[in-house]
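Observations on the model geometry
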Amino acid sequence: MSRNGRRRSRSRSPRGRGGGPPASRYEIGKTQSLRPVQWSQVKLEPIVREPYRSKATYRRSEREVSEWRRSKEITTKGRELPDPIFTFEESGFPAEIIDELRYAGFTAPTPIQAQGWPIALSGRDMVGIAKTGSGKTLSYLIPALIHIDQQPRLRRGDGPIALILSPTRELAQQIKQVADDFGRALKYKNTCLFGGGKKRKQQEDLEYGVEIVIATPGRLIDFLSMNQTNLRRCSYLVLDEADRMLDMGFEPQIRTIIEQIRPDRQTLMWSATWPDVVARLVKDYLKDYVQINVGSLKLAANHNILQIIDVCQESEKESKLSILLREIMAEKECKTIIFIETKKRVDDITRKVKRDGWPARCIHGDKSQNERDATLKSFRSGRTPILIATDVAARGLDVDDVKFVINFDFPTTSEDYIHRIGRTGRCDNTGTAYTFFTPNNAAKARDLIDVLKEAKQVINPKLVELANMKVKARDPDRQSPAVDGSPIDVAHYRALVPRVHARRWVCVVIGAVCRGTIGAVVAHAVAVALAAADCYRAVRGLKHLADRHRRAGALRDDAMVAVAISETALDLLAEIVIAPIATVNGNGNASGTESENATVIATVIEIVTVIAIVVVTAAAVVEVEAVGVGTEATEMGEPHRTIVTKF
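What this report covers is the structure whose coordinates are included nearby. Owing to the predicted nature of the structure, the values given are computational and were not obtained by experimental measurement. (Residues numbered from 1 in each chain as written. Predicted model: local features only at pLDDT ≥ 70, side-chain atom pairs only at ≥ 80, totals over all residues. Heavy atoms only, no water.)

1. A word on helix α6 (residues 169-186)
Over its 18 residues, α6 extends 25 Å from the first C-alpha to the last, a length consistent with the 26 Å expected when each residue adds 1.5 Å. The sharpest bend along α6 reaches about 30° and sits at Asp180. Of all 18 residues making up α6, 15 are buried, and the element is well covered by its neighbours. Lys187 sits one or two residues past α6 and shows a positive phi near 60°. (Helix = DSSP H or I, 4+ residues; strand = E, 2+ residues; numbered from the N terminus. Expected span 1.5 Å × (residues − 1). Bend = angle between axes of the 7 residues up to and from the residue. Buried < 20%, exposed > 50% of the residue type's maximum accessible area, 1.4 Å probe, protein only.)

As C-alpha cells, then:
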C-alpha cells in the first residue's frame, strides 16, 4: 500500500511515573472490569499479510545454515523455519529502513535479528530468548513497521495496529526512541503510555490516532477500561521482557489485555530467561510458534564481562567504593552504574560520591519523571559518568557504552545479579562488574559461584569459604557467627527450655515443702530471677540472629529456633510468676501473721519481678526492631516482621 501523504512521526512521549505492577484495589478493579470480547460478534478489519521472500542471491544449503546457527549458539524449535539472512539487503526491507540502519552505525544483523526477522516477516508467532544487548528491540520493531505498511490506513476511532508491552517506563521510553528513529522513515506515529504522567496528553495521542502504542500494562488497562482506546485493529502484539513482567506480578494484566486483542493477531514474545511461568503464557496464547534461543536456556552471565567479587564486611563497603571510583575515573572510558538496594542508601551514597569530587546522579522510584529523564540524558551523554540506582534501572536500560557496573549491595537473586551486570558488555563490547559480597549474603554464595563457573571467571577463595560455611551452618546445633564476629550457639538456646522447666519444678517442690513461709517466697523469687535471665539471653540471642540475617528472606532455622525458645521461656515465666501467690495463699502450717507477711512480701516481689521481665524483654525487642532502622519496606521480608511481632 502506498505510503505517500502520511504525516511524519512526532515525538509523543508523555511525562509521568509508572511501570511498576499495579497494587491498589482500584487498579485491580479496572482489570476485572474488562471482560473478554466475543469476537464472533465483532466485524473486524481484514489483516493483510504479504508472503515473505528473502532477497538472498542464492539458496543456502541446509548444512551451511546449520553450521551458522551452531557457530552463533542458536537453537530453534518449530516447523518450516525460514533461513536466516546475513545482510540487511537480504531482508527485503524498504530502502528507507536500510538507510536508517546504516545511519545508526549498524553494519550487519545480530544473530537474533538474522534469524528473527525472517520469522516475524513471515507472520508467524515466535518466542525469542536472548541475553540483553543482543538487538531484540529492532528484531520486533522493524517487522512491526513492515506489517503496519501492509494494512489499511487508520480511521477515526481506530486503535493501534501494533502494541508493544513493556514492564517499566524506562524500557518503554527507550523503545519509543527507537520507534521514533525508524518510524520516521516510513512516516508512522507512535505514543508511549506509562503510569503517573498526565493522562490528558496521552489521551490526545490516542484520539489523534497512532499506528504503534508502547505501554506498560497498568496504564494501558486504565485507558481500555475508560473506553478511550480499543485493540480491535491490533494485529501485531509484542511482549518485551516477558519474564520481567511476570516477575513483577503483571500476569493477570497481561492476560486481560490479550483477551482484548483480536484472536488472529501475530504475537511475539521476547525474554532473557525461560521460566515455567513464561512457558505457560506461551502455551496459552501463541499458535504454531517458532522458538529461537541464542545461547543456553539456563540463566547465564554475558561472557564478555569480567566479574570481580570482593568479599568484605558491611562497614568496609563505602571506603572500598571510594578507592574503586578513583581507579575507574582514571580510565578513559569510565561510564559506571552503581546498584544499591534501598532508596535512602542511594541518596546517601550519591551525596558521598559528590563530596569525593566525582560527578554523579541517582535514579530511584521516588524521583519525578522529569528528574529521571534528566538523569538518564546526562548519563547517556557522558556529562555525568556515574549513575547510582536501585533495581529500577537494572533491566532494559539501553546505554551501549557502560564500561563498569558496581554492585554495592548484592541483589536478592542470581537472576537480578545477571541482569544488573548485563548493563555493561553490550553489543559485543567488553565490560567489568565489581560486586561487594558480605557475610550477610552468604546464603547466595553457592548460586553466585555457579554463575561465575559458567562464565569461566576466577572465583575468590573467600567466597568459597562463605559458601562452605553456609553449608555447615545448616546443622542447627553448630555455632553461627554474628555480624560482630561473636559466636551464636543455637544449641545453647535450645538448652534454655529444659532449664526453665526444671526451675519451675524446683519452685513447685519448694512450695510444697515450705508452704506459706517466707522461705518459699524467697525460693520462688530466686527461681524467677534465674528464669528471667535465661529468657533475656534467649531474646538477646534472637537480636544477634536478626542482626546477622537482617536482609529480607535470609532468616533460617537458627533464628526460628530462637523465636520458639524465647516464646516458651516467656510462657513458663508467666506460670512461675503466678505460682508463688497460689502457694503462700494455700492452707499452710505457718501462723496467720507469718502467712500474711509472706503474702505481702510475695506480692511485692512478684510485682517487681513482672516489671523487670517486661522491661528486659521490651529492651531486647527494641534492639531487634532497631536492626531494621534505615531499611525500606522492600528490604524487610515477612519472616523478619513476624519475628518482631511475636514478642
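Right, picking up where we left off after that structure.
2. Focus: the nonpolar core
Counting 47 residues, the largest nonpolar core has Phe93, Ile97, Tyr140 and Ile142 as the members making the most contacts within it. If we skip the residues at most four places from it in the chain, Tyr140 touches Ile164, Ile175, Tyr236, Val238, Asp240, Leu268 and Trp270. (Core = buried A, V, L, I, M, F, W, Y, C linked by side-chain atoms within 4.5 Å. Contact = heavy atoms within 4.5 Å.)

3. Quick notes on the sheet that holds strand β12 (residues 386-389)
On the basis of which strands lie adjacent, the open sheet formed by 6 strands has the order β9-β14-β13-β10-β12-β11 and parallel pairing. Both outer strands of the open sheet, β9 (305-311) and β11 (360-363), are each paired with one neighbouring strand and no more. Here the strands of the sheet are splayed against their neighbours by 20° on average, with no regard to which way each runs. The pairing of β9 with strand β14 (residues 431-437) spans 7 bridges and is classified as parallel. Its bridge partner lying in β14, Ile305 is registered against Gly431. Against the sheet, helix α12 (residues 317-329) contacts β9, β10 (336-339), β12, β13 (404-407) and β14, and its axis sits at roughly 165° relative to β14. (Pairing = 2+ DSSP bridges. Axes fitted to C-alpha atoms, helices over the stretch in contact; angles between N-to-C directions.)

4. Here we look at the packing of helix α3 (residues 95-103) against α6
Where α3 meets α6, the axes come as close as 8 Å, and the angle between the chain directions of the two elements is 145°. Along this stretch, α3 crosses α6, giving a crossing that reads as right-handed. Residue-level contacts link Glu96, Ile97, Glu100 and Leu101 of α3 to Asp181, Phe182, Ala185 and Leu186 of α6. When its residues are assigned to classes, the contact of α3 with α6 shows 5 nonpolar, no polar and 3 charged. (Left-handed = near helix turned anticlockwise from the far one by under 90°. Nonpolar A, V, L, I, M, F, W, Y, C, P; charged D, E, K, R; others polar.)

5. Description of the sheet that holds strand β3 (residues 162-165)
Taken in spatial order, the 8 strands make up an open sheet running β1-β8-β2-β7-β6-β3-β5-β4, and their pairing is mixed. At either margin of the open sheet sits one strand with a lone partner, and together these are β1 (74-77) and β4 (190-193). For this sheet the average axis-to-axis angle between neighbouring strands, irrespective of direction, equals 15°. Bridging between β4 and strand β5 (residues 212-215) involves 4 bridges; their strand directions are parallel. The partner of Cys192 across the bridge, within β5, is Ile214. Sheet contacts for helix α7 (residues 199-208): β4 and β5; angle to β4, the most-contacted strand, approximately 145°. Running at roughly 175° to strand β7 (residues 266-271), helix α11 (residues 276-285) makes contact with β2 (126-129), β6 (236-239) and β7 of the sheet.

Coordinates in, geometry out; function isn't part of it.
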